[in-house]
Amino acid sequence: MYFSGYPIVKEGRLMSGRYPVLLILVLIPFFGSSQNYQAVHGSSYAGSLGVTNNPASIVHVPYSWDLTLFSVQARHSSNAVVINNLSLLSSSSNTSIDPVQGSNKYFLMANQDARILNGRIRLNEESAIAFGAAVRSGQSFNTSMVSWRDTISSVRQFMSDNFANSPLSAYVRGQAWAEIYATYARRLMENDNGILNAGVTLNINRGISAAYVNSTELYLQPGQVHGQAGYLLNDGKLDYGYSSNLDEWDQPGTNEELRKAFLKKTWSSLSLNLGAEYIIPAEDEDYYKYDLKLGVSLLDLGFNKYQYSSNSRSAVMSLDNISDSLVEATFGGLEATRDLPDSIAQIAGSIQQLAGYFKVSTPARLVINADKRITGNLFINAELTLPLT
């Protein structure tokens with residue numbers, strides 16, 4: 001939906017101890033309805049926001065300049081949840097978002113951003129520039145074949161349902177970062193058949209915080225647990241890491257002192273967007289009207305840099321007789337991330353601290369977009385997004 005001409009999104013809130021709401025940006029996707037910029041892609045109303053989809057889009061615009069004061073969007077793609085009882089034509093008071101049950105290779109790709117003071121200026125008939133700032137976040141996960149049902153209440157039940165799917169693997173990552181960007185785009189070619197524009201965006205990023213978990217080759221086997229039939233974790237590897245500045249919020253001090261300590265442990269990096277548009281003009285006296293616009297872009301080619309927290313670990317689950325009840329007891333009483341190393345050490349054959357720095361790729365993707373005029377000011381827009389990271 002729109003408010004005063006600018007997209008808005010319903011925002012969730014979660015607080016735990018002294019951790020700020022940015023933890024949501026890192027780890028928890030927003031499961032809510034939102035306005036996506038795709039509704040204005042290809043039109044003159046996209047303006048400076050067009051660069052989020054294709055840097056070349058800022059050239060073929062009839063206005064000399066435009067400024068978007070504030071905008072928010074969220075976009076999710078997943079087979080792990082389903083939206084029930086949603087209607088676009090009537091009230092949806094009974095709408096719910098429910099987990100998908102059954103056996104599947106589950107995945108999620110989600111990103112959110114809040115943009116401020118995004119501007120576009122036409123330099124001449126053949127070129128334009130754009131600029132702005134944003135706070136962004138992205139989350140993703142994927143699993144091997146996993147069986148899931150909402151009635152699972154214990155590790156034993158989960159292992160029982162997934163013994164046939166062994167070995168199991170899963171990868172989860174999330175990050176939040178701030179960026180400022182500058183875009184330049186120009187016309188490369190124009191003839192009677194069409195117009196070709198191209199553009200490039202340079203993003204200067206500042207990683208705010210990040211976390212990831214990677215588990216591989218988790219083998220399950222049936223066995224005896226306290227004289228009863230149960231399941232054992234026979235082998236596997238677990239790596240997890242998160243940025244060290246998240247630990248600062250557990251330290252003593254005022255909010256201002258903690259904020260400064262948090263931001264001190266952030267680093268800068270660069271990312272790149274590339275795009276091109278081919279425009280087939282309409283049979284109209286208005287130069288900017290078109291019959292078809294085709295766009296191709298490569299977005300968010302880059303990474304953000306973070307320092308490992310001292311609580312980050314890499315572990316090999318090579319101990320004998322790691323039972324389902326031991327796994328549940330080990331992780332069931334966790335209260336803070338600082339407790340993780342000692343807990344994992346109880347079930348790991350070997351464990352080592354992860355030190356230094358790690359990189360998390362920005363959500364690089366290939367986007368192909370088509371905007372087709374049907375009649376008058378009625379268009380159909382279609383988009384294909386292929387994730388690259």
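Placed above this text is the structure.
Novice: Just to check I follow, could you spell out the overall build of the protein for this structure?
Specialist: If you tally the helices and strands in the protein, you get five helices and 18 strands. In the protein, which comprises 389 residues, the share counted as buried stands at 42%. Taking all contacts inside the protein whose residues are at least 6 apart in sequence as the whole, residues at least 24 apart take part in 73%.

Novice: Is there a simple way to explain the packing of aromatic side chains in this structure?
Specialist: Given two aromatic rings, one states the distance between the centres and the angle between the planes to describe the pair. The tally for this structure, following the rule as stated, stands at nine aromatic pairs. Judged by centre distance (6.1 Å) and plane angle (45°), the ring pair of Phe163 and Tyr231 falls under tilted. With Phe163 in the loop between α2 (155-162) and β8 (168-190) and Tyr231 in strand β10 (residues 228-242), this pair connects stretches of sequence that are 68 residues apart. With relative accessibility at 18%, the residue Tyr231 sits in the buried group. Between Trp267 and Tyr357 the ring centres are 5.3 Å apart and the planes differ by 80°, which places this aromatic pair in the edge-to-face class. Of the two residues, Trp267 sits in the loop between α3 (255-264) and β11 (268-281) while Tyr357 sits in strand β16 (residues 357-361), which places them 90 residues apart along the sequence. With a relative accessible area of 22%, Trp267 lands in the partly exposed category.

Novice: Can you walk me through the pairing of strand β12 (residues 290-307) in this structure?
Specialist: Along any regular strand the residues' side chains alternate between the sheet's two faces. Where β11 meets β12, ten bridges bridge the pair, whose relative direction is antiparallel. Bridge pairing in β12 places Gly275 opposite Ser297. Pairing of β12 with strand β17 (residues 365-375) involves eight bridges; the strand directions are antiparallel. Bridge pairing in β17 places Leu298 opposite Leu366. Bridging between β12 and β16 involves five bridges; their strand directions are antiparallel. Among the inter-strand pairings, Phe303 is bridged to a residue of β16, identified as Ser361.

Novice: How do you make sense of the nonpolar core when you look at a structure like this?
Specialist: Across soluble globular proteins, nonpolar side chains show a tendency to be buried alongside one another. Of all hydrophobic cores here, the largest spans 16 residues; its most connected members are Leu233, Met317, Ile322 and Ile344. When residues of this core are traced back to their parent elements, those giving at least two are β9 (195-225), β10 and α5 (340-345). The element that contributes the greatest number of residues to this core is β10, accounting for four residues. Excluding its chain neighbours within four sequence positions, the residues that come into contact with Ile344 are Leu238, Tyr240, Ala315, Met317, Thr330, Phe331 and Ile351.

Novice: What exactly am I supposed to notice about the environment of Val135 here?
Specialist: Tracing the backbone shows Val135 in strand β7 (residues 127-148). Residue Val135 is classed as partly exposed on the basis of its relative accessible area, which comes to 37%. If we skip the residues at most four places from it in the chain, Val135 touches Gln112, Asp113, Ala114, Trp177, Ala178 and Ile208.

What counts, and at which threshold
- Residues numbered from 1 in each chain as written.
- Predicted model: local features only at pLDDT ≥ 70, side-chain atom pairs only at ≥ 80, totals over all residues.
- Heavy atoms only, no water.
- Helix = DSSP H or I, 4+ residues; strand = E, 2+ residues; numbered from the N terminus.
- Buried < 20%, exposed > 50% of the residue type's maximum accessible area, 1.4 Å probe, protein only.
- Contact = heavy atoms within 4.5 Å.
- Phe/Tyr/Trp six-rings, centres within 6.5 Å; stacked < 30°, edge-to-face > 60°.
- Pairing = 2+ DSSP bridges.
- Core = buried A, V, L, I, M, F, W, Y, C linked by side-chain atoms within 4.5 Å.

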